[in-house]
Amino acid sequence: LALIVIDIDDFKKINDTYGHTAGDKTLQVIAKTIVKHVSKGVFVGRYGGEEFVLIYSKTKEDTLIKELNTLNKYIARLPFKFKNTKVSITLSIGATHIKADDNIHIAFERSDKAMYQAKAQGKNQVIYLK
């Protein structure tokens, strides 16, 4: 299994600048887009405010990273517009595979760490940690 944590970059700015209705709409559009653009059978769930968790089964590292990068590029191209202002929305994505000696907490921490690493390295990217 692969465990992925996705965070919407600068989401607080959307809520603060354009209001919570814009934030809610953003979450809905991104959730639908994620579901539409990941492989069939991937579990997609919202985890907290602006985070999503994905669980892949039987997907190799290179295939996983390629699909997540494609998803990230697709989201960045979505035409969000609030109060007549075009807004670019990007994702920071952390990914890992669950190892034989992991428990779910260790794997989740590794995926979460990868997501924070993506943010620290400039956002709008996928980081995979082994």
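Basis of the calculations
- Residues numbered from 1 in each chain as written.
- Predicted model: local features only at pLDDT ≥ 70, side-chain atom pairs only at ≥ 80, totals over all residues.
- Heavy atoms only, no water.
- Salt bridge = Lys/Arg side-chain N within 4 Å of Asp/Glu carboxyl O.
- Helix = DSSP H or I, 4+ residues; strand = E, 2+ residues; numbered from the N terminus.
- Pairing = 2+ DSSP bridges.
- Axes fitted to C-alpha atoms, helices over the stretch in contact; angles between N-to-C directions.
- Contact = heavy atoms within 4.5 Å.
- Buried < 20%, exposed > 50% of the residue type's maximum accessible area, 1.4 Å probe, protein only.
- Lys, Arg positive; Asp, Glu negative; His and termini not counted.
- Phe/Tyr/Trp six-rings, centres within 6.5 Å; stacked < 30°, edge-to-face > 60°.

### Concerning the pattern of salt bridges
Scanning the model with the defined rule gives six salt bridges in all. Lys119 is the salt-bridge partner of Asp7, the closest N and O atoms lying 2.8 Å from each other. Taken together, the residues Asp7 in strand S1 (residues 2–8) and Lys119 in helix H4 (residues 104–120) connect sequence positions 112 residues apart. Two residues, Lys123 and Asp10, come together in a salt bridge whose shortest N-O distance is 2.6 Å. Taken together, the residues Lys123 in the loop between H4 and strand S7 (125–128) and Asp10 in the loop between S1 and helix H1 (11–18) connect sequence positions 113 residues apart.

### Quick word on the sheet that holds strand S6 (residues 91–97)
Pairing in this open sheet of five strands is mixed, and the strands run S2-S3-S1-S6-S7 from one edge to the other. Each edge of the open sheet carries a strand with a single partner, namely strand S2 (43–46) and S7. The mean angle between the axes of side-by-side strands here comes to 20°, regardless of whether they run parallel or antiparallel. Taken together, the four bridges between S2 and strand S3 (residues 51–56) define a ladder with antiparallel strand orientation. Considered in S3, the bridge of Phe43 is made with Ile55. On the sheet, helix H2 (residues 20–37) packs against S1, S2, S3 and S6 and is oriented at approximately 10° with respect to S3. Where helix H3 (residues 61–76) meets the sheet, it contacts S1, S3, S6 and S7, and its direction lies at approximately 170° from that of S6.

### Quick look at the side chain of Glu67
Within the secondary structure, Glu67 sits in helix H3. At 9.6 Å, Lys66 is the nearest oppositely charged side chain to Glu67, a buried residue that forms no salt bridge. Among residues more than four places away in sequence, those in contact with Glu67 are His37, Val38, Ser39 and Tyr56.

### A few points about the packing of aromatic side chains
Summed over all chains, the structure comprises three aromatic pairs. Centre to centre, the rings of Tyr18 and Phe82 are 5.2 Å apart; their planes meet at 35°, and the pair counts as tilted. Here Tyr18, found in helix H1, pairs with Phe82, found in strand S4 (residues 80–82); they are 64 residues apart in sequence, far enough to count as distant. Taken together, the aromatic side chains of Tyr18, Phe80 and Phe82 make up a single cluster linked through ring pairs.

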